[in-house]
Protein chains: 4
Amino acid sequence: MITVGIYGGSGYTGQELMKILIRHDESRVIAVTSRKYKGMPVADVYPIFRGLTEAEYVDASPEDLAGLCDVVFLAVPHGEAMEVAPLFLDSGTKVIDLSADYRLRDINVYESWYKRHTSPHLIDRAVYGLPELYRDDIVGSDLVANPGCYPTGVILGLAPILKESVVDASSIIVDSKSGVSGAGREPSTGSLFCEVNEGFKAYKIGKHRHTPEINQELSVLAGRDVVVTFVPHLIPVNRGILSTSYATLQRETSTGELIDMYKQFYRDEQFVRVADEGMFPNISSVKGSNYCDIGLTLDERTGRVIIVSSIDNLIKGASGQAVQNMNIMCGLPEDTGLKLVPLFP
Amino acid sequence: MITVGIYGGSGYTGQELMKILIRHDESRVIAVTSRKYKGMPVADVYPIFRGLTEAEYVDASPEDLAGLCDVVFLAVPHGEAMEVAPLFLDSGTKVIDLSADYRLRDINVYESWYKRHTSPHLIDRAVYGLPELYRDDIVGSDLVANPGCYPTGVILGLAPILKESVVDASSIIVDSKSGVSGAGREPSTGSLFCEVNEGFKAYKIGKHRHTPEINQELSVLAGRDVVVTFVPHLIPVNRGILSTSYATLQRETSTGELIDMYKQFYRDEQFVRVADEGMFPNISSVKGSNYCDIGLTLDERTGRVIIVSSIDNLIKGASGQAVQNMNIMCGLPEDTGLKLVPLFP
Amino acid sequence: MITVGIYGGSGYTGQELMKILIRHDESRVIAVTSRKYKGMPVADVYPIFRGLTEAEYVDASPEDLAGLCDVVFLAVPHGEAMEVAPLFLDSGTKVIDLSADYRLRDINVYESWYKRHTSPHLIDRAVYGLPELYRDDIVGSDLVANPGCYPTGVILGLAPILKESVVDASSIIVDSKSGVSGAGREPSTGSLFCEVNEGFKAYKIGKHRHTPEINQELSVLAGRDVVVTFVPHLIPVNRGILSTSYATLQRETSTGELIDMYKQFYRDEQFVRVADEGMFPNISSVKGSNYCDIGLTLDERTGRVIIVSSIDNLIKGASGQAVQNMNIMCGLPEDTGLKLVPLFP
Amino acid sequence: MITVGIYGGSGYTGQELMKILIRHDESRVIAVTSRKYKGMPVADVYPIFRGLTEAEYVDASPEDLAGLCDVVFLAVPHGEAMEVAPLFLDSGTKVIDLSADYRLRDINVYESWYKRHTSPHLIDRAVYGLPELYRDDIVGSDLVANPGCYPTGVILGLAPILKESVVDASSIIVDSKSGVSGAGREPSTGSLFCEVNEGFKAYKIGKHRHTPEINQELSVLAGRDVVVTFVPHLIPVNRGILSTSYATLQRETSTGELIDMYKQFYRDEQFVRVADEGMFPNISSVKGSNYCDIGLTLDERTGRVIIVSSIDNLIKGASGQAVQNMNIMCGLPEDTGLKLVPLFP
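Keep in mind it's a predicted model, so treat the numbers as computed, not measured.

## Structural notes on the overall build of chain A
- Summing up its helical and strand segments, chain A has eleven helices and 13 strands in all.
- Rg of the C-alpha trace for chain A: 20 Å, near the compact-globule value of 20 Å for 345 residues, within the 12% margin.
- Across its three principal axes, chain A shows a C-alpha extent of roughly 60 × 45 × 35 Å.
- Considering chain A as a whole, with its 345 residues, one finds that 61% of them fall into the buried category.
- Counting contacts in chain A only where the partners sit at least 6 residues apart, residues at least 24 apart contribute 71% of the total.

Spelled out as structure tokens, the structure:
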């Protein structure tokens, strides 16, 4: 039985970790921290847990936790994670960091998009936790940088086509749309129900911090520098990200061939579902699950490939993928605790 | 391994049965029927199932199915269920009927609210499938009338207080609010997104067919004839029912005492959660689960008890309760396949 | 041309006042105040106003404003209104107060539900601004207490039946459901999109501050003390309140007779629409308008009358009614600026 | 006083025409037709109209109507409009066609995307009713082809930049998102509340019938053949379209310069609002109004311009623009009946 700590457990991703781990047969959450809710039962903050756990939030330090946990999930904001990760690692605790702190390989890129890094020596030790691309590295790692929500869907959606050099890597445009839980649970005017409901907008155009993360991973896949145009939008739904990506073909092919290539690329992946020709994802088909659904087509009039990929931002885009990484790191079947059937409607 | 058939599997309750049974370790769905979608993969109609099942809808007759299934769920409209139930029973298949056809003990009441009954001889054989009240009868039954969605939440919410004669049974008013999935998946103007979204209304005031079902069961509990005022409303959400019930006290008590009584009444029930004083249910805390959450308080100024109860209409209000009944009928642990953690947000 | 000030213009009711007054031909907004947004164009805070107004928020004191305005709307929280109302009145400015500060006739009731009152001498001077009941008093008034959102719909829905002593006034139960804009625009966890969307709950059961206001006005109508059971709920929509009220008949009548009585009672009212038999309101039919829609029926099995009334909480429940009061106070046609057609879908 | 007929008045655009025309001081609706609702009061089908109109749907032929109406709006599906337009024109009635039948100049294009055209001789007579681009032609026209909802926002968003040859016209990608009312009011599974709510998907990728309309008008603006990649998506809201368009710069410029160019281009247009630098549209800021809001920026890393434009699909994207055209055709002030302030929240 793996002992687990959730460091920063009061937000939506912390809650989602609890939700998954309550039904994870091979691990046990021994502590979930929150300064704000210290001493309160988790079930009082999130009533879904009534009858499921007696756990209370504790305000424990990394030092307190480290000795007790085999694995710790960092569900704190970027900036905080890089402060505490070294403490956990030093005491032999494996770290899965849901923040952005160890995702970017180039510290200059990190510091220009985020802030000064306080534990830069760990960047090389960290593995980018997208199992479909880095599984072998994750196995032996003790520090996994869990991918951002937008990058997860976008990278999985573009990986096969870039790996196979089917498209001009300089032509990529990513138009993403996310549900509101991506903004977290801190009160702010912009996340109020009335401000979001019946609305739809683009935000942080060309400035979203997931842009360098997408560029980094697409560059690895393409074997050359890739700089995408990335525009996120806000959908008035709780969960889900759908990204529509556009890229110009650089050799002849057909929709059928492309779909075959995708199915081949992901043939051993249990959490990626490639749609048949003419079918495309809907966020409501992945809600509540760890799936990434992908559909694609060729726009013959313009010679562009259009790829639509969709995930539940809190699961495959955060906590589900984090547990998937834990399973890999700990030698468990990869879907332990993740046999989640999507909830529709 | 119990073999299961879903007769009428194309609606939301049929889909929800599939969803639950895919993760039910002790049973196997061997056939799911639909005239409309005959020959189509279930995963084409409900893409949540891609990668989870290869099942296709079949247009099988009860005779075809009966020999193959230990248990059949009838997820067809009322009127159809009473046509096929006898055929299944005759061949030794246990029947769990999600329609209203065997819920009302008094055939005259049934026929005045619904239509002529074609298998009235089975009414006495049927057990009302609310496990919290009729568990012992369900154990040995081969025909279970799965309760309606509104009655499930309302009856569980009022059972302790009526059983203990705390309130005047003639004073009960039930103001219920349901999500839209309760209306099913048949196209109709009234269920279109734009007609429902940003709207809220009462409907079928004093005329909803769940009224006699509520009256019947509350009468059993009270040991006298109970006739409630029942007004259902439509909430612009996918899932969930919340019922606010009002009743006048007929002896002195306090909120604390009442809550204690409720906790005592449901102390052995794993799917009923009674809230502490000052806490009340929200449909978003039961969404995706088999829970019924109950909160209550005394309005001291008026001497009325106010009880709020909430369920997921497709789970505890339909398919989850149906599986709970199957588990009881088949001697399985009652929560097999039902260890569902609510999905929030 | 009437000169108008909006004191506290940054919330949803302030915005709604601006929206209405921009198309009000007989008045001109000369100042809208906000400490928070001082110096910012109103159109930057609420982009709906781009191209419609150049107004900027000012941080003006009542003394600054008083000399300039014929009428001032107080759209500040209760407690603040009673501090500034005397200053406006002293300088001859008519005051329409959207807060609760002058709604309750009995200062003890006010102080037990709210806080200490700092200008109690004005309570008797204030008129309760429900034009359908107090029009004659509003005409000559210089201090109007604009009714609360819940009370507006509830009182209009119950007025005829209480006035005519059709029901037992001690039997009234009011089950209300409100959209989220009623909670205002201050950031709070409970009003976040993800906390509200796909949810539904009761709140402040038996404790909502609109209770004494409802009791006060129903008592006037009934000619005796009325104490209702009042339970508000939160609907995941932006706008609209729908209240379902229950009362026990004390003399024989029929649905048809009752509807005739209501139509007669409101025959000269342009903002109250009584539905024909069998028809009931939906909040989506009043959204964006100053209407109060009412439908009713007799539940013959239980001898109870069920009344459903619906308003747009920001318009008839706040800013629209406030402008209606201004029109009356200033001798303008009552619908000036209020010829608003509901927006559906 | 202009006499107006609405031919096909039972859908959402017909309803929206009624809504606008009820407050249009210079015209009078003398007939609104519907085969389905013949004889029913419009207010029974759309309760927003209770107290506002006594009109009933009639099943009148074009011949019946023609003599009575100065102007007729055709709010019937494509295919039907081209059958009746000649009849109206022959009797001297001006026609504003909200369908697609006369939008495409090239009959071959029309017939390959829609169906055989039965009145092709009228195509040359029709003017494309986008006032911001074709006002002079609309003035003298008696047959206006009211633009599609997607094309309206997309064309207005791209017009200045194409007209000024700032971007490579072959690089245009349009990613559009529409509310559900665009799908009309006919019952269909895909438009049911539960199928749409909490979902988000792309649809008709590369196949949407508005594609040739967009291509046609962008080609006129660019002075060369333009073929865009166009992908529409469905947002779970009632109203609003937001389109995000991408195009590659072909000469140096800056965001500030581009915004100046847009403001200059639309300086005399009262229904187009160009946002300041750093501001972008939200559909909730145009809801209920005839505005088209536009925001844009330069993605410096990739040399692409990103333009976001937003309209209310039922108003500027359909009925509001139709009334705007009527005003122009009839010599009225262009904003008669269209002084609509957006409704937020």
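Resuming the write-up.
## Quick word on the pairing of strand β14 (residues 304-311) of chain C
All names here are of chain C.
- Most of β14 sits inside the fold, with eight of its eight residues counted as buried.
- In this structure, strand β11 (residues 241-248) lies alongside β14, joined through eight bridges in antiparallel fashion. Note that in β14 the partner of A247 across the bridge is V305.
- In terms of strand pairing, strand β13 (residues 292-299) meets β14 through eight bridges, oriented antiparallel. Residue pairing in the sheet places D299 in a bridge with R304 of β14.
- What sits between the antiparallel neighbours β13 and β14 is a turn of four residues, in which G303 has the positive phi angle 70°.

## Considering unusual backbone geometry
- Along the chain, B:F344 connects to B:P345 via a cis peptide bond; the corresponding omega equals 0°.
- The topology assignment puts B:P345 in the segment after α11 (315-329).
- Look at A:S165: it is not a glycine, yet its phi comes out positive at around 55°.
- With respect to the helices and strands, A:S165 occurs in the loop between α7 (149-163) and β7 (173-178).

## Observations concerning the interface of chain D and chain A
- If you look at the interface, chain D gives 37 residues, while chain A gives 37 residues.
- Those elements that place two or more of their residues in the side of chain D that touches chain A are β8 (173-178), α8 (193-196), β9 (201-202), β10 (229-234), β11 (241-248), β13 (292-299) and β14 (304-311) of chain D.
- Here the side of chain D that touches chain A is built from residues that sort into 18 nonpolar, ten polar and nine charged.

## Re helix α7 (residues 149-163) of chain D
Residues and elements named next belong to chain D.
- End to end, α7 covers 21 Å across 15 residues, agreeing with the expected 21 Å (1.5 Å per residue, within 8%).
- Burial analysis of α7 places 14 of its 15 residues in the buried class, which makes it a mostly covered element.
- Positioned one or two residues after α7, S165 has a phi angle of 55°, which is positive.

## Here we look at helix α1 (residues 12-22) of chain A
All names here are of chain A.
- Counting buried positions along α1 yields ten of eleven residues, so the element is predominantly enclosed.
- Residues of α1 that are buried include every one of Y12, T13, G14, Q15, E16, L17, M18, K19, I20 and L21, and no others.
- Contacts from the buried residues of α1 go to β1 (2-7), β2 (27-32), α2 (42-45), β3 (71-74) and α11 (315-329).

## A look at the interface of chain A and chain B
- Counting residues at the interface gives 24 residues for chain A, matched by 23 residues for chain B.
- With three residues, the single largest contributor to the side of chain A that touches chain B is α1(A).
- Of the residues belonging to the side of chain A that touches chain B, the class tally is eleven nonpolar, six polar and seven charged.

## Re the sheet that holds strand β13 (residues 304-311) of chain A
All names here are of chain A.
- Here seven strands make up an open sheet; going across it, the order is β8-β9-β7-β10-β13-β12-β11 and the pairing mixed. The sheet is open, and its two borders are formed by β8 (201-202) and β11 (272-274), each paired with just one other strand.
- With six bridges joining them, β7 and strand β10 (residues 241-248) adopt antiparallel strand pairing. Bridge pairing links V174 to S245 in β10.
- Against the sheet, α7 makes contact with β7, β9 (229-234), β10, β11, β12 (292-299) and β13, and its axis sits at roughly 35° relative to β10, the strand it touches most.

## Quick notes on the nonpolar core
- Within the largest apolar cluster, 454 residues are counted, with the highest numbers of intra-cluster contacts made by A:L74, B:L74, C:L74 and D:L74.
- If we ignore the near neighbours within four places in the chain, the residues touching C:L74 are C:Y7, C:G8, C:A81, C:V84, C:A85, C:V95, C:D97, C:L98 and C:S99.

## With respect to the relation of the copies chain D and chain A
- Structural alignment of chain D on chain A gives an RMSD of 0.0 Å, achieved by rotating through 180° and translating 0.0 Å along the axis. Between the two chains, the operation in question is that of a two-fold axis.
- Same-surface contact between copies: 100% of interface residues of chain D are shared with the interface of chain A.

## A short note on the sheet that holds strand β9 (residues 201-202) of chain B
All names here are of chain B.
- The seven strands lie next to each other as β9-β10-β8-β11-β14-β13-β12, forming an open sheet whose pairing is mixed. Every interior strand has two partners, whereas the edge strands, β9 and β12 (272-274), have only one.
- Across the sheet, helix α10 (residues 255-265) lies against β12, β13 (292-299) and β14 (304-311), angled at about 155° from β13, the strand it touches most.

## Regarding the domain arrangement of chain A
All names here are of chain A.
- Annotation of chain A at the domain level lists domain 1 (2-125) and domain 2 (150-313).
- Facing the nine residues of domain 1 at the interface are seven residues of domain 2.
- Across the side of domain 1 that touches domain 2, the residue classes tally to six nonpolar, one polar and two charged.

## Quick notes on the packing of α7(A) against α11(A)
All names here are of chain A.
- Closest axis-to-axis distance for the α7/α11 pair is 8 Å, and the angle between their directions is 100°. Regarding the angle of α7 to α11, the classification is roughly perpendicular. On the side of α7, the interface is formed by C149, T152 and G153, while α11 contributes K316, G317, A318 and Q321.
- A per-class count over the contact of α7 with α11 returns two nonpolar, four polar and one charged.

## So, the pairing of β8(D)
Residues and elements named next belong to chain D.
- In terms of burial, β8 is largely enclosed, as six of its six residues are buried.
- Burial along β8 is two-sided: I173, D175 and K177 facing one way and V174, S176 and S178 facing the other are all buried.
- In the sheet, β8 pairs with β10 via six bridges, with the strands oriented parallel. For S178, the partnering residue across the bridge sits in β10 and is L234.

## Details of the confidence of the model for chain A
- This prediction gives chain A a mean pLDDT of 97; 100% of its residues lie at or above 70.
- For this predicted complex, the interface confidence reaches an ipTM of 0.97, while the overall pTM sits at 0.98.

## Some words on the packing of helix α1 (residues 12-21) of chain D against helix α11 (residues 315-329) of chain D
Residue and element names in this part refer to chain D.
- Across the interface, α1 lies against α11 with an axial gap of 9 Å and an inter-helix angle of 45°. As summarised for this structure, α1 and α11 are arranged oblique, according to the angle between their axes. The hand of the α1/α11 crossing is right-handed. Each of T13, E16, L17, I20 and L21 in α1 lies in contact with α11, whose residues at this interface are I315, A318, S319, G320, A322 and V323.

What counts and what doesn't
Residues numbered from 1 in each chain as written. Chains lettered and ligands numbered in written order. Predicted model: local features only at pLDDT ≥ 70, side-chain atom pairs only at ≥ 80, totals over all residues. Helix = DSSP H or I, 4+ residues; strand = E, 2+ residues; numbered from the N terminus. Rg over C-alpha atoms; globule rule 2.2 N^0.38 Å. Buried ≥ 20, exposed ≤ 12 C-beta atoms within 10 Å, placed from the backbone. Contact = placed C-beta atoms within 7 Å. Pairing = 2+ DSSP bridges. Nonpolar A, V, L, I, M, F, W, Y, C, P; charged D, E, K, R; others polar. Expected span 1.5 Å × (residues − 1). Axes fitted to C-alpha atoms, helices over the stretch in contact; angles between N-to-C directions. Core = buried A, V, L, I, M, F, W, Y, C linked by C-beta atoms within 7 Å. Least-squares fit on C-alpha atoms with pLDDT ≥ 70 in both. Domains from an automatic or database assignment. Parallel < 35°, antiparallel > 145°, perpendicular 65-115°, else oblique. pLDDT = per-residue confidence, 0-100. Left-handed = near helix turned anticlockwise from the far one by under 90°.

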